[in-house]
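One-letter residues, chain by chain:
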2 protein chains.
Amino acid sequence: MAIDPANQTALIAVAHALADAARAPTLAHFRQSDLVSDNKDAGGFDPVTVADRNAEKAMRDVLAQMRPDDAILGEEFGATPGTTGLTWVLDPIDGTRGYISGTPTWGVLIAVGDADGPQLGIIDQPFIGERFVGGFGVAEVAGPMGMTDLRCRPARALADATVLTTFPEVGTTEEGRAFHAVAGQARLTRYGMDCYGYALLAAGQVDLVIEAGLNAYDIQAPIAVVAAAGGIVTDWHGGPAHHGGRALAAANAAIHAEAMAILSAQCDA
Amino acid sequence: MAIDPANQTALIAVAHALADAARAPTLAHFRQSDLVSDNKDAGGFDPVTVADRNAEKAMRDVLAQMRPDDAILGEEFGATPGTTGLTWVLDPIDGTRGYISGTPTWGVLIAVGDADGPQLGIIDQPFIGERFVGGFGVAEVAGPMGMTDLRCRPARALADATVLTTFPEVGTTEEGRAFHAVAGQARLTRYGMDCYGYALLAAGQVDLVIEAGLNAYDIQAPIAVVAAAGGIVTDWHGGPAHHGGRALAAANAAIHAEAMAILSAQCDA
């Protein structure tokens, strides 16, 4: 679906308004002793905080005012249908485990797009005060060092590359093995960055971010930000990643191909 | 060695002056495309940057002016003898791998102490603009959310605890196995925080930080900051950790004992 330039500008303004709205509710509980995490999944550990819910409510209030006819997919409150063909995809606190540990690697994820995937994304880190924006011709970060263009780094060999993921198990046993087949050839592997890893990829700091077990709301904003910075995000076999699952985010086509050859040889689609 | 209150106040001011001096040289190269990392150790990967060296030089210049008779131990330029019995221990960029990956988890580490160990420490994160200070009656952090007292969290069972370390291999095979024997009993294990993990422990956000293969300059500032916040840092058998090697940093005596029982059963001293 083509979106005309005036509408693009309006959508960018809405995305910023959403990030602004999430700022106070997310920071209100960050590093506070009253932070209590629920346990959504009895079998695992998926904390949800009051902050998470309040931030999504605040963003939904903004959309009700500014974009009442668009659809919404939010981590906390699910899907709300719309009539425009556009869907806002919201993850109020991506990286809740990082959040409850006090690390500054969680983020507010905001994307807007259509059935073909996200066209605009924001990764906002309210504690640092850093906002990565990509889409509709924009690719920039505003933060402690001012405003900078986002641009993924040029090609280098996997042997010289830095690879990020959030935790060393990655996903299933098979997925973990595939990840480590790539990471074992890289120069440096780092863990624990949550969505901030994709922001660092867009900022030209690392070469690959590889994850599995994602939800659509985890990856849509990163896809838009990385793509706007010249990078590529697909699943591990080159298909679209915006429905979630496995993501291979790469700084350029060369290292994307090199990593995908290894991942796809290790894992069936 | 007892240090009188007036001298303590002076030393705190010097420590802040050192952190201030390191700020510009470390940030000058952070996330810049000209960042080139040397390879100090032909067998491994230990990047050193121009920023690292410039920051230590800047701190040594401050000490030459303000504390010319104290000894210095710095990561980059080694040991400089003194006559006062006090030694400044400097790590201009702790977490150089995090630094070259663009993550905000590296820090400037500054400690001052005597033969018994560090008495005052600073963990400074110049990009976020966050400074953790502990010692001589001070335990505080100044950052994006203002000034807050540092206080380690109260005791909770290891089964409810959060454990941090920088990378999953931790150290030798034996050390890695010992770490994972603790982490396997914890609720949540997170990687990748470098020295920022100790800052989060002092800020009451996590329960344990466990590392191995440390140098004295990696751990002295964290020891002072954590101790000032009510926590405990020892080696894995309860001995002093300020010479480097293995560190067990705990929020309180109960979880320190619980973790140490596991670590010491897995590893000889």
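Presented here is an overview of the structure given in this document. (Residues numbered from 1 in each chain as written. Chains lettered and ligands numbered in written order. Predicted model: local features only at pLDDT ≥ 70, side-chain atom pairs only at ≥ 80, totals over all residues. Heavy atoms only, no water.)

## Brief notes about the overall build of chain A
Heads up, the condition is: Secondary structure follows DSSP: runs of H or I at least 4 residues long count as helices, runs of E at least 2 residues long count as strands, and numbering of each begins at the N terminus. Taken over C-alpha atoms, the radius of gyration is set against a globule rule of 2.2 Å times the number of residues to the power 0.38. Partly exposed residues are those whose accessible area sits between 20% and 50% of the maximum for their type, while under 20% is buried and over 50% is exposed, using a 1.4 Å probe and protein chains only. Contacts between residues were defined by any pair of non-hydrogen atoms, one from each residue, lying within 4.5 Å. The Shrake-Rupley method, run with a 1.4 Å probe, gives the accessible areas here. Residue values count only the displayed protein chains as cover. The charge count treats Lys and Arg as positive and Asp and Glu as negative. His and the chain ends do not count. We put the charge of a Lys on NZ, of an Arg on CZ, of an Asp on CG and of a Glu on CD.
For chain A, the helix and strand inventory stands at 7 helices and 15 strands. Here the C-alpha radius of gyration of chain A, 18 Å, is about what a compact globule of 269 residues would show, namely 18 Å. A principal-axis box enclosing the C-alpha atoms of chain A has dimensions of 50 × 45 × 40 Å. Evaluated residue by residue, chain A yields a buried proportion of 60% over its 269 residues. Considering only contacts in chain A between residues 6 or more positions apart, those separated by 24 or more positions represent 61%. As displayed, chain A has an accessible area near 9700 Å², and 52% of this comes from carbon and sulfur atoms. For chain A, the distance from the average site of its 16 positive side-chain charges to the average site of its 32 negative ones is 6 Å.

## Here we look at the relation of the copies chain A and chain B
Each of the two copies of the chain can be brought onto the other by a rotation about an axis and a shift along it. Stated precisely, the cut-off is as follows: All copies are superposed by least squares; the fitting set is the C-alpha atoms of residues with a pLDDT of at least 70 in both.
The two copies are related by a screw motion: chain A maps onto chain B through a turn of 180 degrees and a shift of 0.0 Å along the axis, at an RMSD of 0.0 Å. Taken together, these values place the two copies in the relation of a two-fold axis. Counting the interface residues of chain A, we find that 100% of their copies in chain B are interface residues as well, pointing to one common contact surface.

## What about the sheet that holds strand β8 (residues 130-135) of chain B?
All names here are of chain B. Heads up, the rule is: When DSSP locates at least two bridges between a pair of strands, those strands are taken to pair. Convention adopted: a line fitted to C-alpha atoms gives each axis, helices being fitted over their contacting stretch, and angles between N-to-C directions are expressed from 0 to 180 degrees.
If you walk across this open sheet you meet the 8 strands as β4-β3-β5-β6-β7-β8-β9-β10, and the pairing is mixed. One side of each edge strand has no neighbouring strand; the edge strands of this open sheet are β4 (78-80) and β10 (146-149). Taken over all neighbouring pairs, the strand axes of this sheet differ in orientation by 15 degrees on average, direction set aside. Where strand β9 (residues 138-143) lies against β10, 4 bridges are found, and the strand directions are antiparallel. Paired with Glu140 across the bridge in β10 is Asp149. Most of the contacts of helix α6 (residues 216-228) go to strand β7 (residues 117-125), to which it runs at about 95 degrees, and overall it touches β3 (71-74), β5 (87-94), β6 (107-114), β7, β8 and β9.

## Re the sheet that holds strand β4 (residues 78-80) of chain A
Residue and element names in this part refer to chain A. Ordered in space as β4-β3-β5-β6-β7-β8-β9-β10, the 8 strands form an open sheet in which the pairing is mixed. Of all strands in the sheet, those with a lone pairing partner are β4 and β10 (146-149), marking the two edges. Neighbour to neighbour, the strand axes of the sheet diverge by 15 degrees on average, direction disregarded. Bridging between strand β6 (residues 107-114) and strand β7 (residues 117-125) involves 7 bridges; their strand directions are antiparallel. For Leu109, the partnering residue across the bridge sits in β7 and is Ile123.

## Structural notes on helix α2 (residues 50-66) of chain B
Side chains that are three or four residues apart share a direction in an α-helix, a result of its 3.6 residues per turn. Selection rule: A helix is expected to reach a length of 1.5 Å times the quantity of its residues less one.
With 17 residues, α2(B) ought to run about 24 Å at 1.5 Å a step, and its terminal C-alpha atoms sit 24 Å apart, in line with that. Residues of α2(B) that are buried include every one of Ala51(B), Asp52(B), Ala55(B), Glu56(B), Ala58(B), Met59(B), Arg60(B), Val62(B) and Leu63(B), and no others.

## What to know about the pattern of salt bridges
As a reminder, the rule being used: Between Lys or Arg on one side and Asp or Glu on the other, a salt bridge is scored when a side-chain nitrogen of the former is within 4 Å of a carboxyl oxygen of the latter.
With the rule as written, the count across this model stands at 18 salt bridges over all chains. Taking the shortest distance from any N to any O, the salt bridge between Arg31(A) and Glu130(B) comes out at 2.7 Å. With one member in each of two chains, Arg31(A) in the loop between α1 (5-27) and β1 (38-39) and Glu130(B) in strand β8 form a pair that bridges those chains. Residue class for Arg31(A) comes out buried when judged on its relative accessible area of 16%. Since its relative accessible area comes to 2%, Glu130(B) is described here as buried. Between Arg156(B) and Asp207(B) there is a salt bridge whose closest N-O contact spans 3.5 Å. With Arg156(B) in the loop between β10 and β11 (162-165) and Asp207(B) in the loop between α5 (196-202) and β13 (208-215), the pair connects residues that are 51 residues apart, well separated along the chain. If you follow the salt bridges from partner to partner, you end up with Asp20(A), Asp124(A) and Arg131(A) in one network.

## So, helix α4 (residues 173-183) of chain A
All names here are of chain A. Using the following cut-off: Our arc is simply the arc of the directions from the helix axis toward the C-beta atoms.
By the burial criterion, the buried members of α4 are Glu175, Gly176, Ala178, Phe179, Val182 and Ala183. Along α4, the residues classed as buried sweep out an arc of 165 degrees about the axis, all on the same side. Exposed and facing more than 90 degrees away from the buried side of α4 are Thr173 and Arg177. In this structure, the buried side of α4 is in contact with β11 (162-165), β12 (188-191), β13 (208-215), β15 (244-250) and α7 (253-266).

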